[in-house]
Amino acid sequence: MILSLSIPYANQKGDEESIVMIDRSSPEFVEALARGISVLEAFDAADPEMTLADLSRKLDMPIATVRRNVLTLEALGFIRRHNKHFLLAPRILSLGSSYLNAFGVEEAVMPELQRLTSLFGDAANMAVLDGMNVLYVAHISESRGVRRTASLGVTYPAFATSMGRVLLASLPADDVDGYFREFSPVKLTDYTVTEEAGLRDILAEVRVKGYSITVDQLDYGITAIAVPVKDATGRTVCAINSSGYTPRLTSDELLEQRLPELRLAANRISQLFSRMPALLHSLTPAIGALK
């Protein structure tokens, strides 16, 4: 994986100099907590309600373990039951809103995304790399088209998205190689590029040009252009894009009209990182987390 499950921790003396990264093999790793989180993540559009047996099969976890986790999460208010089925409770939204509030995402990002949608309509987004996917952390849309939708917390395969290609192109060569070692693509449309050689060429081009344009890669009717957002050292932290309906957009229009405004937005967000270091640190993988 590009991002491994590595967690910083301090020793019992609280010495900041002793903070290290851990993985699943470490004695500091709390397996019970990891199982509880995996139970929450198991619920999705395909499986919004599941029995204990359903969860056990999906997670490949003993049903007794699933039961303990589900009952604990139910007691905490994150899961509800309907007959013999369990489903996420609205309280789960508090976890996402805590992130947005704690790091000032709306203050830092939403004004620029709103400006982009005011200029061009359609949609504007911000995402970070999350393993093999991109994870959307901000989204504004004025489009009501029937197609794949982006919203907070949604993930899509990085290779098929404009932001994903920008983020992959910014990785060190060793991390790109690691990505392709785990690469198992699904052709999402007739136009989706899934060949490793072709994608490597695309990433090399994105690295040189500093932007990515995708047309009907993730879904039919979606055209998007993305640029990186960098910190003061020039390291790519996240990506933003502007997307619209394919029949109404051409690559020339994206380059002439949207690219300058996207770069302006990325620069403004980058400048805000100096005033909001917590947001920067939350978006940036910890040193040693890239495998």
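Relevant structure appears above.
Enquirer: Sorry if this is basic, but what is going on with the sheet that holds strand S6 (residues 123-130) here?
Expert: In any sheet, the strands associate via hydrogen bonds between backbone groups, in a parallel or an antiparallel arrangement. Across the sheet, which stays open at both edges, the six strands sit in the order S8-S7-S6-S11-S10-S9 with antiparallel pairing between neighbours. Bordering the open sheet on either side are strand S8 (155-157) and strand S9 (212-215), each of which pairs with just one other strand. Direction aside, the axes of adjacent strands within the sheet are offset by 30° on average. In the sheet, S6 pairs with strand S11 (residues 236-245) via five bridges, with the strands oriented antiparallel. Pairing of Ala 124 across the sheet is with Ser 242, part of S11. Strands in contact with helix H7 (residues 162-169) are S6, strand S7 (133-141), S9, strand S10 (222-230) and S11; relative to S11, the strand with the most contacts, it is inclined by about 155°.

Enquirer: Before we go on, may I ask you to explain the nonpolar core in this structure?
Expert: Within soluble globular proteins, side chains that are nonpolar tend to cluster in buried spots. Core analysis: the biggest nonpolar cluster contains 32 residues, and Leu 113, Met 126, Cys 238, Ile 240, Phe 273 and Leu 283 have the highest contact counts within it. Per-element tally for this core: the top contributor is helix H10 (residues 251-272), with seven residues. Not counting chain neighbours up to four residues away, the residues in contact with Cys 238 comprise Met 126, Ala 127, Val 128, Leu 167, Pro 228, Val 229, Phe 273 and Leu 283. In terms of nonpolar packing, the next biggest core, distinct from the first, is built from 28 residues, Val 134, Tyr 136, Val 166 and Leu 218 among them.

Enquirer: What exactly am I supposed to notice about unusual backbone geometry here?
Expert: The phi torsion of most residues other than glycine is negative, and most of the peptide bonds are trans. Although it is not a glycine, Asp 60 sits at a positive phi angle of roughly 55°. Among the structural elements, Asp 60 can be located in the loop between helix H2 (52-59) and helix H3 (63-75). For Asp 122, which is not glycine, the phi dihedral falls at a positive 60°. Structurally, Asp 122 is set in the loop between helix H6 (110-120) and S6. The exposure class assigned to Asp 122 is buried, which follows from its relative accessible area of 6%.

Enquirer: Would you take a moment to explain H7 for this structure?
Expert: Since the α-helix advances by 3.6 residues per turn, residues separated by three or four positions end up pointing in the same direction. With respect to burial, H7 is a largely interior element, eight of its eight residues being buried. Ser 162, Met 163, Gly 164, Arg 165, Val 166, Leu 167, Leu 168 and Ala 169 are the residues of H7 that are buried.

Enquirer: How should I be thinking about the pattern of salt bridges in this particular structure?
Expert: Pairs can form between side chains of opposite charge whenever their charged atoms are close. Applying the stated criterion to the full structure yields 13 salt bridges. A salt bridge links Asp 54 to Arg 57; the nearest nitrogen and oxygen atoms lie 2.6 Å apart. Taken as a pair, Asp 54 and Arg 57 lie in helix H2 at a separation of three residues, close to a single helical turn. Note on Arg 57: relative accessible area 60%, which makes it exposed.

Cut-offs used in this document
- Residues numbered from 1 in each chain as written.
- Predicted model: local features only at pLDDT ≥ 70, side-chain atom pairs only at ≥ 80, totals over all residues.
- Heavy atoms only, no water.
- Pairing = 2+ DSSP bridges.
- Helix = DSSP H or I, 4+ residues; strand = E, 2+ residues; numbered from the N terminus.
- Axes fitted to C-alpha atoms, helices over the stretch in contact; angles between N-to-C directions.
- Contact = heavy atoms within 4.5 Å.
- Core = buried A, V, L, I, M, F, W, Y, C linked by side-chain atoms within 4.5 Å.
- Buried < 20%, exposed > 50% of the residue type's maximum accessible area, 1.4 Å probe, protein only.
- Salt bridge = Lys/Arg side-chain N within 4 Å of Asp/Glu carboxyl O.

Worth remembering: the numbers are spatial, not functional.
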